[in-house]
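What follows is each chain in one-letter form.
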Amino acid sequence: MAEMHAEGGADFDLSQFYQIFFEEAGENLDQMEQILLDLSLENADDEELNGIFRCAHSIKGGAATFGFADVAELTHHMESLLDKLRRHELTPVPEMVDVLLESADASRSLLARHQAGEQGEAPSTADLVRRISELASGRVPEAPAERPEPKPPAAAAPAVQTPPVASEPAPAAASGERELMVRVGPLEDLSSADVIKELFRDIPGLGTIADAASEDASCRNFQVTTSASNDDLLDLFAFHVAKEQVRISVLAGGDIAAASDTTEEVPYGFFPDAPGSPGAAAPTRAAQAAAAESPTPAAHKATPAKAADAKGGAQAHVESTTIRVAVNKVDQLINLVGELVITQAMLAQNSRDLDTAVYQQLLAGLADLDRNTRDLQESVMSIRMIPMSIVFSRFPRMLRDLANKLGKKVDLVTLGEATELDKGLVEKITDPLTHLVRNSGDHGIEMPAERLAKGKPEHGTITLSASHQGGSIVIEVKDDGRGLSREKILRKARERGMDVSDQMPDADVWQLIFAPGFSTADVVTDVSGRGVGLDVVKKNIAALNGSVEVDSSEGYGMRVAVRLPLTLAIMDGMSVGVGDEVYILPLSSVVESFQVNNDDVNTVAQGSRLVKVRDEYMPVIAMEKIFQIPRDSSEKSSNIMVVVESDGSRIALLVDELLGQHQVVVKNLESNYRKVPNVSGATILGDGKVALILDTSSMVRRARH
Amino acid sequence: MQSILAVDDSPSMRKMVAFTLTGAGYHVVEAVDGQDAYEKAQAHDIDLVLADQNMPRLDGIGLTRKLREHPKFKTVPILILTTESSDQMKQAGRAAGATGWLVKPFDPNRLIEVIRKVMP
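So, the sheet that holds strand 5 (residues 100–103) of chain B: which residues are in play, and what are the values?
Taken in spatial order, the 6 strands of this open sheet run 5(A)-5(B)-4(B)-3(B)-1(B)-2(B), and their pairing is mixed. For this open sheet the edge positions go to strand 5 (268–270) of chain A together with strand 2 (27–31) of chain B, each flanked by a neighbour on one side alone. The mean inter-strand angle of the sheet, taken between neighbouring strand axes irrespective of direction, is 15°. Bridge count for strand 5 of chain A against strand 5 of chain B is 3 bridges, and the pairing is antiparallel. Paired with Tyr268 of chain A across the strands is Leu102 of chain B, a residue of strand 5 of chain B. Contacting strand 1 (3–7), strand 2 and strand 3 (48–52) of chain B, helix 2 (residues 34–43) of chain B crosses the sheet at an angle of about 160° to strand 1 of chain B.

Here's what the structure looks like:
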């Protein structure tokens, strides 16, 4: 970074701050959305309005600084509207919430595009800007899309004529007009700025405009006399020239504003008699100042300082007690702790046979090391844990939009938001959960009339909950909608040629909805039910070593429970020996193990073997065969069966011996080597040997199909 | 080394300002809002204050007013960063005892230029 430290005049590379800005803007947008969703229009409190305003304001400031003009422009308009709201110059209406939410979405996509290196087409914000401007001028705009073109300038005139109440009332508004120098450029075609002159001709009361000399051949200068504020002028010009191309400076009418530089807005200045003012260096009238001579601050009554915002204050407090750390640093820490755990295990193993009398101190030290390592591991793992509220927080907005679109009434209840989950899992569970919630809103919850007819409350309820159960986290999506129809599912399954019977237990019938391409929706809606369905959800969850359970009662709703391991980095495993090799089975998939007699195993067609366990036949997989393990001697042979289960199906693995149960640190094999069939990862054992972790769900799938 | 108290509730702006000023050879004390700045101002030797205007808890002008009440900050230059270069804001800043203002967005070089002009 040293190259950036050059003294004044250096080219500063602002791109290093982009990431921080993107994260910050994302948080601000989240917060804005949150407040907007909670906002009660009848009695919106100042704190909330100030909070939303500040979010837009912060994003605008950052976007402008870091050069994301499109984001800055959109958020500027949002800010103007919000400013009027917080000053109570306008009363909030639902259309405002809608347009602000949509604008927040648009800002998000614009930011995402910048983050992705300007890839893809930038979403158009013209319509949003038009709607915001109309709302800000006190009118309710027409619905979007109907009029995608920006309003003709003449029609926008009333917005300008209203008293300048925006964020910065024009200085001389009360006494009348200001004289401004407006520079437009650089332009490819100078005559393209003529439309600005026409604006002044077309809009009565806007003021007067005249050409002025310009020293820059690519720019046009105009001398303008107007009572409109800079913001209003910029908004008006924005229909014709890019905002960045317009510079407004005050020639007369403002009493402090400096006018020395006529072609640029004065970017800074010093107050003439202010404490700490420089001598003659300032470019403004401050030059005459007798700097630090008059340290007395002027009357305190002069400014109505903006009320401190308790909510914002709380946020600032949180910020000062947390630090932002790159995920890869945390992952590196976790990796190192993983290595430490392995080293510790190795020491423990090697010291097992030491004479406790002789090595008392060493062994006591090793015991401490053991305990500290475990604590350390736990602490480090907790860094990666983030609360489920991060995932849940996206659903209020999604359901609101969904309910609006479908004309349904849906309440969302969230429980257990503080339940923590590994960050990696959170990222991967978000999409499947979104799918499930959407499904509930779309197919589960009935239309209000239908609900009333059934004697249910008009508002449907979707409950999202998260809780810890043992070493897993269980996330439930529950609705009080129409539930699953057993007949419909069975009928559909038969149509698709699936092997089903009327005697199937409910649980098995519900699992059918996870079959590829299966949809019980009668209508394909815009929202869900387009074939990419629950099978993807199930596959994604299975890939996280998780499982999905469904429970439903027709007419009363359904419940989908997703069970996940707490983390992907550490796993409870059972180690088994085959030949000289050691393999790890995820303990969660192990059902039972037993010693097998040769006559319990039946060989069927193509050499496949089956074993009967408690009246159930299951395929036998000989580990030494699938991993081609060499045998040095013939004395040892596999005679232990380990039954593993995945997706409700079981297989029996034939191994030599059971070695033990322990927590293993999962290392990704794919990123270090390549994908290996039947293997999901690797770990390092206490003695330093590498053991492969078996992908039991894919083994079960392979054996069963 | 001269110390600058940089106050902004936006982490990215704060980082940018701190990076710029550190590069220009100043020591930077960061604060997340006016209240935090006021507390940090008591604890450090500060040669110049650079404060954002719009912040939670205590804004730039409010911070200026509070600082000026202290003998220690009677003559320390205080610059307000603002997105509004409106005269109303300027008058409020001046009344509170601010030394000057700098309009956001600004270029890092411009920031250094302004700081050099007022740094005692």
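So, the pairing of strand 23 (residues 690–694) of chain A: which residues are in play, and what are the values?
Residues and elements named next belong to chain A. Taken together, the 2 bridges between strand 14 (residues 581–586) and strand 23 define a ladder with parallel strand orientation. Counterpart to Tyr583 in the pairing with strand 23 is Leu692. In this structure, strand 22 (residues 679–684) lies alongside strand 23, joined through 5 bridges in antiparallel fashion. Paired with Gly681 across the two strands is Ile693, which belongs to strand 23. In sequence, strand 22 turns back onto strand 23 through a hairpin of 5 residues, with Gly688 there showing a positive phi of about 90°.

Give a description of the pairing of strand 1 (residues 178–184) of chain A that names residues and reports values.
Residues and elements named next belong to chain A. Of all 7 residues in strand 1, 6 are buried, a share of seventy percent or more. Of the strand pairs in this sheet, strand 1 and strand 3 (residues 220–226) are connected by 7 bridges, and their pairing is antiparallel. Directly across from Arg178, in strand 3, lies its bridge partner Thr226.

Help me get a handle on the confidence of the model for chain A, residues and values and all.
Residue and element names in this part refer to chain A. Of all residues in chain A, 81% attain a pLDDT of 70 or more, and the chain-wide mean is 76. In the predicted structure, residues 1–9 sits below a pLDDT of 50 and forms 10 contacts with residues beyond four places in sequence or in another chain. Considering only residues more than four positions removed or in separate chains, one finds that residues 254–264, a stretch of pLDDT under 50, has 32 contacts.

About the thresholds
Within any chain, residue numbers begin from 1 and follow the written order of that chain's sequence. Numbering of ligands from 1 and lettering of chains from A proceed in the order in which they are written. Per-residue local features of the predicted model are confined to residues with pLDDT of at least 70, and side-chain atom pairs are confined, for both listing and counting, to 80 or more; whole-chain, interface and lining totals are unaffected and use all residues. Here, any two strands with at least 2 DSSP bridges between them count as paired. Numbering goes from the N terminus for both helices and strands, where a helix is a DSSP run of H or I of at least four residues and a strand is a run of E of at least two. Every axis in this analysis is a line fitted to C-alpha atoms, fitted for helices over the stretch in contact. Angles between the N-to-C directions lie between 0 and 180 degrees. Here, residue contact means that the backbone-derived C-beta atoms of the two residues sit within 7 Å. Using C-beta atoms placed from the backbone, we call a residue buried if 20 or more other C-beta atoms fall within 10 Å of its own, exposed if 12 or fewer do, and partly exposed for counts in between. pLDDT is defined as a per-residue confidence score from the predictor, taking values between 0 and 100.

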